[in-house]
Amino acid sequence: NTEKENSCNDLAWLIIFWINFAATLALAIYLIIKKKPSNTKISFKIEGIKGADIGICAGVGVGVGLVSNIIHFIFIACCAKCYLGCGMAIGLIYAIIGALMVLLGGGGLIGFILPALYLVLLIMFYCSACKYIAFSSIMLKQSAKLLLEYPGIICFCIYQILWTIIYNALFCVLIYFVQKKGIHPAVYLYVVFSYLWCTLTFEYVEYMTISGVASSWYFLVNTSYLPGSLVCASYKRAMGTSFGSAAFAGFVLAVIQFLEYIIESTADTSSDSGVLGYICCILKCCAMCILCLLESCVSLLNRFALIYCAAFGIPYIAACKR
């Protein structure tokens, strides 16, 4: 889509999302400033850990993450085919290590059942996927090349991390005050749903931005239509005319995850026994199975539909149909 977009796709969902976000923010401010006595006591005291130790751990974690990601990137850029092969073998190595630990712990050879089964599945998978490895390795190399060509992607991802920290902190504060001041459980459930919706929507915005960069480069490279600042242009579309599509996709998946959360929360609180307890347990298992299948299907659908939204600027439903 090289034409200038003058209207927002899925405008209703864009408006509903920001109304929900504003309502959540207003609720957080209200609970912070409201002085309501409560007998609920919540302690954040951590025994045996100093503030300096937390800073050292955080610094070491960032350093290790930075070094490991650089090595990871070099591995992809230079040895993509070897990278794919190692990726398939790492699971087998982990399984063998686990089996050895079981053996040393006195569990006998029974621990090697899983590695043997994994090896059979790995061979079957390799036989069916080996014809795609060459193409996949080329795609990985091109992705690394694109990242080097547009390093603004890295800056954008860092920006997204900081934004994620901010709104996660907001929801942590909100949940704390909901519990501290003894607010009605329905409010807590609303906060959980709002958190899931906001998290998924902003993740999809990031996903659509990267998809927009890749698709614009693929279709428009070496043409006059290629934007000067590709990352900024893609992010502008994801946060602007296509944001409603991200909010729509996030809402659908958030509903499924919210229902899963409710079932998981009630799984250990049931006091029923006997036949009724077994029936409730079976119904919960069936419901979780259905929801997990729905989540898998919707996640896959969103993954490809939002690429269409990012590349061609079409609404979410039209992208799902494609």
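Only a predicted model underlies this, so the values are computations on that prediction, with no experimental measurement involved. (Residues numbered from 1 in each chain as written. Predicted model: local features only at pLDDT ≥ 70, side-chain atom pairs only at ≥ 80, totals over all residues. Heavy atoms only, no water.)

Caption draft 1: Local environment of helix α4 (residues 113-149). Over its 37 residues, α4 extends only 46 Å from the first C-alpha to the last, a length that falls short of the 54 Å expected when each residue adds 1.5 Å. The largest bend along α4 reaches roughly 60° and is located at A129. (Helix = DSSP H or I, 4+ residues; strand = E, 2+ residues; numbered from the N terminus. Expected span 1.5 Å × (residues − 1). Bend = angle between axes of the 7 residues up to and from the residue.)

Caption draft 2: Just the nonpolar core, in detail. With 45 residues, the main nonpolar core has F17, L31, L174, F202, M208, F243 and L306 as its most contacted residues. Elements supplying a minimum of two residues to this core: α1 (11-33), α5 (152-180), α6 (185-220), α8 (243-267), α9 (274-312) and α10 (316-321). Of the residues forming this core, the biggest block, 11 residues, is contributed by α6. Residue contacts for L31: discarding those within four places in its chain leaves L174, F177, V178, K181 and I183. Core analysis: the next-biggest nonpolar cluster, separate from the first, contains eight residues, L146, I153, W217 and V231 among them. (Core = buried A, V, L, I, M, F, W, Y, C linked by side-chain atoms within 4.5 Å. Buried < 20%, exposed > 50% of the residue type's maximum accessible area, 1.4 Å probe, protein only. Contact = heavy atoms within 4.5 Å.)

Caption draft 3: Spatial organisation of the confidence of the model for the chain. When pLDDT is averaged across the chain, the result is 86; 90% of the residues are at 70 or more. Ranking the elements of the chain by mean pLDDT puts helix α3 (residues 80-104) last, at 79, and α10 first, at 95. (pLDDT = per-residue confidence, 0-100.)

Caption draft 4: Quick peek at the side chain of S137. Structurally, the position occupied by S137 is in helix α4. S137 gets classed as buried once you look at its relative accessible area, which sits at 6%. If we ignore the near neighbours within four places in the chain, the residues touching S137 are A80, K81 and L84.

Caption draft 5: Local environment of a nonpolar patch on the surface. A contiguous nonpolar patch, built from L25, I29, I32, I33 and V173 and spanning about 430 Å² of accessible area, is present on the exposed surface. Ranked by residues supplied to the nonpolar patch, first place goes to α1 with four residues. With respect to the helices, strands and loops of the structure, I33 is situated in helix α1. Residue I33 is classed as exposed on the basis of its relative accessible area of 60%. (Patch = residues over 30% accessible without salt bridge, like charges linked within 9 Å, V, L, I, M, F, W, Y side chains within 5 Å. Areas by Shrake-Rupley, 256 points an atom, 1.4 Å probe, with all protein chains shown as cover. Salt bridge = Lys/Arg side-chain N within 4 Å of Asp/Glu carboxyl O.)

Caption draft 6: Looking closely at the packing of α3 against α4. Contact geometry for α3 and α4: axes closest at 7 Å, N-to-C directions at 160°. The orientation of α3 relative to α4 falls into the category roughly antiparallel. Note that α3 runs across α4; the crossing there is right-handed. Counted together, A80, K81, Y83, L84, M88, G91, L92, A95, I96 and A99 of α3 and P115, Y118, L119, L122, F125, Y126, I133, A134, S136, S137, L140 and K141 of α4 form the full contact between these two elements. Of the residues that constitute the contact of α3 with α4, the class distribution is 17 nonpolar, three polar and two charged. (Axes fitted to C-alpha atoms, helices over the stretch in contact; angles between N-to-C directions. Parallel < 35°, antiparallel > 145°, perpendicular 65-115°, else oblique. Left-handed = near helix turned anticlockwise from the far one by under 90°. Nonpolar A, V, L, I, M, F, W, Y, C, P; charged D, E, K, R; others polar.)

Caption draft 7: Spatial organisation of the environment of I154. In this fold, I154 is placed in helix α5. Judged by its relative accessible area of 45%, I154 falls in the partly exposed class.

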